[in-house]
Amino acid sequence: MKKAMIMVLMALMTMGVYAQDIRLKSGDVAPIMQKDKTATLDLDFSKAKLADLSKKELSDKKFLENMKNNAPEDYAKWDKYKEECYEFFMDRWNDAKGFCEVIEKGKADFVIHVKFDYIDTGNAGAAMWSWSAKGGGVIMRGTVVVTDAAGKKVCEFEVNDFQGRSVRAFDMKFPSFGRRMSLFHKNLAKDITDIAKKAKK
């Protein structure tokens, strides 16, 4: 009986190790952990496809094309939403100690490329009624690739169904699509910097 319990616990621990939603896939994080360096941010949705990642269900529907055809109000605000995503990512990244500074534009030492392969846009209803702060939040499958000024890859993070928060308790703003996207990018920046710190140790 004890042996069976031990095997179950070991299996659960193994699942936890391999169920990481963000991991350092390749490269060295040390270059981006230089306070005197700068980086710009590139959010790439050009090849993103829609998915129900909570159920591991993928589709061939292009994210932006689908939004244009089925959610014209959100599509009309897409530039505004994207700008807020930049701001939330940049602010959270720059809050992390010991990293290069993400700047809005201009010549920089690095570029942080956030590439979406699949996106689950979440759901406002689920966000409002879920007991979890991530309930109804945006989920991403893709990569975060950092390149230097010459375009050479510095490091790459694999993002496997990472979910961002959909609400923040202290402001209680309506969890609209734009709001969920912004909070997702804030959480993504936090987790990337947290993983980089662990990888450097």
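Below or above, wherever it landed, is the structure these notes cover. (Residues numbered from 1 in each chain as written. Predicted model: local features only at pLDDT ≥ 70, side-chain atom pairs only at ≥ 80, totals over all residues. Heavy atoms only, no water.)

### Notes on unusual backbone geometry
Right, so step 1: For K56, which is not glycine, the phi torsion reads 60° and is therefore positive.
Right, so step 2: Position of K56 relative to the elements: it lies in the loop between β3 (49-52) and β4 (57-62).
Right, so step 3: Non-glycine residue D161 carries a positive phi angle of around 60°.
Right, so step 4: As for its position among the elements, D161 is in strand β8 (residues 153-163).
Right, so step 5: Of the residues examined, D161 reaches a relative accessible area of 11% and is grouped as buried. (Helix = DSSP H or I, 4+ residues; strand = E, 2+ residues; numbered from the N terminus. Buried < 20%, exposed > 50% of the residue type's maximum accessible area, 1.4 Å probe, protein only.)

### Regarding the pairing of strand β7 (residues 139-148)
Right, so step 1: The buried fraction of β7 is high, at 8 of 10 residues.
Right, so step 2: Two elements, strand β6 (residues 110-120) and β7, share 10 bridges in a ladder whose sense is antiparallel. Looking at β7, one finds that K115 is bridged to T143.
Right, so step 3: Strand direction decides the pairing type here: β7 and β8, joined by 9 bridges, are antiparallel. Opposite T147, over in β8, you have K153 as the bridge partner.
Right, so step 4: Linkage of β7 to β8, two consecutive antiparallel strands, is achieved through a turn of 4 residues, within which G151 is found at a positive phi near 90°. (Pairing = 2+ DSSP bridges.)

### Concerning the pairing of β8
Right, so step 1: The sheet contact formed by strand β1 (residues 22-27) and β8 spans 5 bridges and is antiparallel. If you follow R23 over to β8, its bridge partner there is E158.

### Focus: the state of the cysteines
Right, so step 1: Across all of its chains, the model carries 0 disulfides by this definition.
Right, so step 2: The structure places no disulfide on C100, whose sulfur is separated from the nearest cysteine sulfur, that of C155, by 9.2 Å.
Right, so step 3: A residue is classified by how much of its surface remains accessible, and C100, at 1% relative accessible area, is buried. (Disulfide = S-S within 2.5 Å.)

### With respect to a negative patch on the surface
Right, so step 1: Together, E83, E87, D91, D95 and E104 make up a region of like negative charge exposed at the surface.
Right, so step 2: Note that E104 resides in the loop between β5 (101-102) and β6. (Patch = residues over 30% accessible without salt bridge, like charges linked within 9 Å, V, L, I, M, F, W, Y side chains within 5 Å. Areas by Shrake-Rupley, 256 points an atom, 1.4 Å probe, with all protein chains shown as cover. Salt bridge = Lys/Arg side-chain N within 4 Å of Asp/Glu carboxyl O. Lys, Arg positive; Asp, Glu negative; His and termini not counted. Charge placed at Lys NZ, Arg CZ, Asp CG, Glu CD.)

### Considerations on the side chain of T40
Right, so step 1: Topologically, T40 is positioned in strand β2 (residues 38-44).
Right, so step 2: Assessed through its relative accessible area of 14%, T40 is described here as buried.
Right, so step 3: Dropping the residues within four chain positions of it, T40 is found in contact with I103, K105, G106, A108, F110, V111 and I112. (Contact = heavy atoms within 4.5 Å.)

### Considerations on the packing of aromatic side chains
Right, so step 1: Under the criterion given, the structure shown has 11 aromatic pairs.
Right, so step 2: With 5.0 Å between their ring centres and 80° between their planes, F45 and W78 make a pair best called edge-to-face. Taken as a pair, F45 in the loop between β2 and β3 and W78 in helix α4 (residues 78-95) lie far apart in primary sequence, 33 residues in all. Neither F45 nor W78 differs from the other in exposure class; each is buried.
Right, so step 3: Centroid distance F89 to W93: 5.8 Å. Interplanar angle 20°. Geometry classified as stacked. One end of the pair, F89, and the other, W93, are both in helix α4, 4 residues apart, so they sit about a helical turn from each other.
Right, so step 4: Residue classification places F89 among the buried residues on the basis of a relative accessible area of 0%.
Right, so step 5: Here a set of aromatic residues connected by ring pairs shows up, and it is made of F45, F63, W78, Y81, F116, F162, F177 and F184. (Phe/Tyr/Trp six-rings, centres within 6.5 Å; stacked < 30°, edge-to-face > 60°.)

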